[in-house]
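Close look at the chain arrangement
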Amino acid sequence: QVQLVESGGGLVQAGGSLRLSCAASGRTFSTYGMGWFRQAPGKEREFVAAISWSGGITYYANSMKGRFTISRDNAKNTVYLQMNSLKPEDTAVYYCAARSIDISATIVPLEASWDYWGQGSQVTVSS
C-alpha cells in the first residue's frame with residue numbers, strides 16, 4: 001500500500017510559479033511510476049505529467065509542455081511538479097498518482113492505469 005500526500009498548492013497571480021510536492025510512503029517508491037493529474041471545476045480529471053521510476057523518462061500533456069516540469073527524488077520519496085507561467089485556466093485541484101508498474105506513453109493519460117491517488121491540492125491562479 002502506498003499513501004500519497006500533496007502539498008504546495010495555493011493562490012498565485014497569472015504569470016507566477018508554484019511547486020507542488022507529493023510525499024509517498026512505502027519502501028518501494030523508487031520502483032513506482034509517478035504522475036500528476038488535475039481537475040478543474042465542472043470538468044473531468046485530466047493528465048498533466050508523468051515520470052518513470054528512474055526519472056529518466058517524462059511525459060507531459062501538450063498544454064503543459066514548456067511550462068511544467070515533473071521531477072522526483074527517490075531518496076526523499078517525493079515527486080515534484082514545478083509550474084511556471086501559470087494561467088487562470090490552470091486553476092484546479094492537482095492530484096498525485098502512483099503506478100506500481102513503470103509507465104509508458106500509451107497508459108499515462110488513463111486514470112485507470114494508476115493504482116494510488118493523493119487527496120489533492122488546490123491551485124488557484126488569479127488574473
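**Here's the deal with the overall build of the protein**
Counting its regular elements, the protein contains zero helices and eleven strands. Ordered by position in the sequence, the α and β elements of the protein form the string β-β-β-β-β-β-β-β-β-β-β. Against the compact-globule benchmark of 14 Å for 127 residues, the protein has a radius of gyration of 13 Å, which places it among compact chains. When its C-alpha atoms are laid out on the principal axes, the protein stretches across 40 × 30 × 25 Å. Burial status across the protein gives 46% buried among its 127 residues. Pairs at least 24 apart in sequence give 59% of the contacts found in the protein among residues at least 6 apart.

**Quick look at the sheet that holds strand 1 (residues 4–7)**
Taken in spatial order, the four strands make up an open sheet running 1-3-8-7, and their pairing is antiparallel. The sheet is open, and its two edges are formed by strand 1 and strand 7 (68–73), each paired on a single side. On average, each strand axis in the sheet is tilted by 15° relative to the strand beside it, whichever way the strands run. The pairing of strand 1 with strand 3 (residues 18–24) spans four bridges and is antiparallel. If you follow Glu6 over to strand 3, its bridge partner there is Cys22.

**Observations regarding the state of the cysteines**
In total, this model carries one disulfide according to the counting rule given. The disulfide that involves Cys22 links it to Cys96, with 2.1 Å between the sulfurs. Taking the torsion about the sulfur-sulfur bond, which here is approximately -80°, the covalent link between Cys22 and Cys96 counts as left-handed. With Cys22 in strand 3 and Cys96 in strand 9 (residues 92–99), this pair connects stretches of sequence that are 74 residues apart. Each member of the pair, Cys22 as well as Cys96, is classed as buried.

**Concerning the nonpolar core**
With 39 residues, the main nonpolar core has Leu4, Met34, Trp36, Leu81, Met83 and Tyr94 as its most contacted residues. Listed by contribution, the elements that provide at least two residues to this core are strand 3, strand 4 (33–39), strand 5 (46–51), strand 7, strand 8 (78–83), strand 9 and strand 11 (121–126). Beyond its immediate stretch of four places on either side in the chain, Leu81 contacts Leu18, Arg19, Leu20, Trp36, Val48, Ala49, Phe68, Thr69, Ile70 and Tyr94.

What counts as what
Residues numbered from 1 in each chain as written. Predicted model: local features only at pLDDT ≥ 70, side-chain atom pairs only at ≥ 80, totals over all residues. Heavy atoms only, no water. Helix = DSSP H or I, 4+ residues; strand = E, 2+ residues; numbered from the N terminus. Rg over C-alpha atoms; globule rule 2.2 N^0.38 Å. Buried < 20%, exposed > 50% of the residue type's maximum accessible area, 1.4 Å probe, protein only. Contact = heavy atoms within 4.5 Å. Pairing = 2+ DSSP bridges. Axes fitted to C-alpha atoms, helices over the stretch in contact; angles between N-to-C directions. Disulfide = S-S within 2.5 Å. Core = buried A, V, L, I, M, F, W, Y, C linked by side-chain atoms within 4.5 Å.

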